Amino acid sequence: MLAGKAPGLQHPNSNSILRGLIITLAYDDVNRTVTKRLLEKIGCEVTAVSSGFECLSALSNVEMPYRVVILDLQMPEMDGFEVAMKIRKFYGYHWPLIIALTASTEDHVRERCLQMGVNGMIQKPVLLHVMDSELRRALQSASE
Amino acid sequence: MDALVAQLQMQYRNYTVSLYQQGFLDDQFTELKKLQDDASPDFVAEVLSLFFEDCVKLIGNMARALDQTGTVDFSQVGASVHQLKGSSSSVGAKRVKGLCITFKEYCEANNYEGCVRCLQQVDIEFKALQTKLQDMFNLEKQIIQAGGKVPQVDIN
C-alpha cells in the first residue's frame, strides 16, 4: 500500500510497523490537511474525515482494515470523547487504536482519555517526530 | 546565472529568518516545511491558503457576533476565536495565535471593547502575514525560474 519508501525519516527496517490504514478526524480544513500530510509523510495511508459519522462509516467498511484513528479532541460542534466512546462500543477495545490530539495539558483530559479506551495522546500542534514515535509506540504495545 | 541564483538565495534566507525574528512565524511553520517534498511540492502554500480562507471566514463570524444589537453572545465569538487559535497554531502563524489567546480572555471576561480591538488587530495581522508570505513564495519562484533550488533555511 505504500508508494515507495517513506521519505524523510531514517528508520530503514521499521517502516513496516507504520504500514496500514489510518483515519484522521479533525473539524477544520487546515488541521485535517496538515495531519493527513504528516501521516502520509511518515508512511501511512490516510483517510481524512470531518465528522464522527464519516469516521464510523469509514470504519464499517470491511474492505479497509483501519488500524488507527487519529482523533482531534477539540472540535466545535462535535465531542471527540463521544466519537471515541462510539468507536469502542461498536468495535471493541483492541482495534482500531485511537490516538487523541489535544491542546490541553490538563490531567482530567488524560484520565478521560484512558477511560474512553484511547491508546495514546499527542499535544497540539503536532510535531512530525512526535506523531511518528507515538504511533510506533501504540502499534508496538498493541501487538504485544 | 549562478550569481543571480546565489543572490536570490541569500535574499530568500535573510527574508525567511527575518519573518521568524519578527515573530510572524514560529517552529510550527518549520514543521510544515518538512511536510513539503517532491510528492507534495506546493504543500506549504496550499495549507497557508486554506488558513487565510479560514481567517476570512472566522473573522467574519466574529464581526457578525460582535455586531449584534442587544446582548453580544461572547461564547459564540469565543468559539470562532478558539478555532482560529487552533489553525494559526497548526501553521505557525505566531502573531495571530498570540492575539487569539488575548482575544479569548476578553471573550471570557465579556469585554466588548477588548474584543473589538482584538478583532481589528487580528484582521491586520493575518493580512500582514499573507503579504509577507506572498513575498517569500515569490522569491522561491524567482529562484526556481533562475535555475536554482530553494535553500533549506536553518532558523537556529
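Residues numbered from 1 in each chain as written. Chains lettered and ligands numbered in written order. Predicted model: local features only at pLDDT ≥ 70, side-chain atom pairs only at ≥ 80, totals over all residues. Heavy atoms only, no water.

- Chain B is annotated in an unreviewed UniProt entry as Histidine-containing phosphotransfer protein from Brassica carinata.
- Recorded in UniProt for chain B, the comment headed Function (unreviewed entry) runs: "Functions as a two-component phosphorelay mediators between cytokinin sensor histidine kinases and response regulators (B-type ARRs). Plays an important role in propagating cytokinin signal transduction." (UniProt positions renumbered as here; feature names shortened; annotations may be inferred.)

- If you check an unreviewed UniProt entry, chain A appears there as Response regulatory domain-containing protein from Brassica carinata.

**Observations regarding the interface of chain A and chain B**
Here is step 1: Each side of the interface is counted separately: chain A has 17 residues, and chain B has 21 residues.
Here is step 2: In this assembly, chain A packs against chain B so that about 1600 Å² is buried in total across both faces, 63% of it on carbon and sulfur atoms.
Here is step 3: For chain A, the biggest contributors to the area lost against chain B are Val30(A), Arg37(A) and Pro125(A); these three give 36% of the whole.
Here is step 4: Between chain A and chain B we count two salt bridges in total. (Contact = heavy atoms within 4.5 Å. Buried area = accessible area lost by both parts, 1.4 Å probe. Salt bridge = Lys/Arg side-chain N within 4 Å of Asp/Glu carboxyl O.)

**Structural notes on the confidence of the model for chain B**
Here is step 1: Confidence in the prediction of chain B, expressed as mean pLDDT, is 95, and 99% of residues score 70 or more.
Here is step 2: Our summary of model confidence lists the complex with pTM equal to 0.88 and ipTM equal to 0.89. (pLDDT = per-residue confidence, 0-100.)

**Things to note about the packing of helix α2 (residues 27–34) of chain B against helix α4 (residues 74–91) of chain B**
If you want to describe how two helices pack, look at the angle between their axes and the distance between the axes.
Residue and element names in this part refer to chain B.
Here is step 1: Relative orientation of the contacting elements α2 and α4 amounts to 65°, with a least axis distance of 6 Å. Contact with α2, carried on its side by Gln28, Phe29 and Leu32, involves Ser89, Ser90 and Val91 of α4 and no other residues of that element.
Here is step 2: Each residue belonging to the contact of α2 with α4 can be placed in one class, and the counts come to three nonpolar, three polar and no charged. (Axes fitted to C-alpha atoms, helices over the stretch in contact; angles between N-to-C directions. Helix = DSSP H or I, 4+ residues; strand = E, 2+ residues; numbered from the N terminus. Nonpolar A, V, L, I, M, F, W, Y, C, P; charged D, E, K, R; others polar.)

**Some thoughts on empty space enclosed by the protein**
Here is step 1: Evaluation of the coordinates by the stated rule reveals one cavity of 30 Å³ or more.
Here is step 2: Roughly 90 Å³ of volume is contained in the largest cavity.
Here is step 3: Along the walls of the largest cavity sit Asn31(A), Val34(A), Thr35(A), Leu38(A), Leu101(A), Lys124(A), Pro125(A), Val126(A), Gln28(B) and Ser90(B), which together make up its complete lining.
Here is step 4: Considering each element in turn, the lining of the largest cavity owes the most residues, four residues, to helix α1 (residues 29–41) of chain A.
Here is step 5: Taken together, the residues of the lining of the largest cavity sort by class into five nonpolar, four polar and one charged. (1 Å grid on protein atoms, 1.4 Å probe; cavity = no way out; pocket = protein on both sides within 12 Å on 5 of 7 lines; lining within 4 Å. Points joined across faces, edges and corners; volume = space filled by probe spheres on them.)

**Some remarks on unusual backbone geometry**
Here is step 1: Of the consecutive residues Trp95(A) and Pro96(A), the connecting peptide bond is found in the cis state with omega at -5°.
Here is step 2: Here Pro96(A) shows up in the loop between α3 (80–91) and β6 (97–102).
Here is step 3: Of note in the backbone geometry, Asn110(B) takes a positive phi value of approximately 55° without being a glycine.
Here is step 4: Positionally, Asn110(B) belongs in the loop between α5 (94–108) and α6 (112–145).

**Digging into the nonpolar core**
Here is step 1: Grouped together as the largest cluster of nonpolar side chains are 67 residues, with contacts concentrated most on Met131(A), Leu135(A), Phe51(B), Phe103(B) and Leu133(B).
Here is step 2: Here the element with the most residues in this core is helix α3 (residues 43–66) of chain B; it accounts for 12 residues.
Here is step 3: Those residues in contact with Leu133(B) that lie beyond four places of it in its chain are Leu19(B), Leu25(B), Phe29(B), Leu48(B) and Phe52(B).
Here is step 4: Residues Leu25(A), Cys55(A), Leu73(A) and Met121(A) belong to the second largest nonpolar core, which totals 25 residues. (Core = buried A, V, L, I, M, F, W, Y, C linked by side-chain atoms within 4.5 Å. Buried < 20%, exposed > 50% of the residue type's maximum accessible area, 1.4 Å probe, protein only.)

**Section: the side chain of Arg32(A)**
Here is step 1: Tracing the chain through its elements places Arg32(A) in helix α1.
Here is step 2: For Arg32(A), a relative accessible area of 16% translates into the label buried.

**Points about the UniProt feature "domain: HPt" (unreviewed entry) in chain B**
Here is step 1: Following the UniProt record, one finds the feature "domain: HPt" (unreviewed entry) at residues 40–147 of chain B.
Here is step 2: Taken as a whole, residues 40–147 of chain B contains 84% helix and 0% strand, while its terminal C-alpha atoms sit 20 Å from one another.

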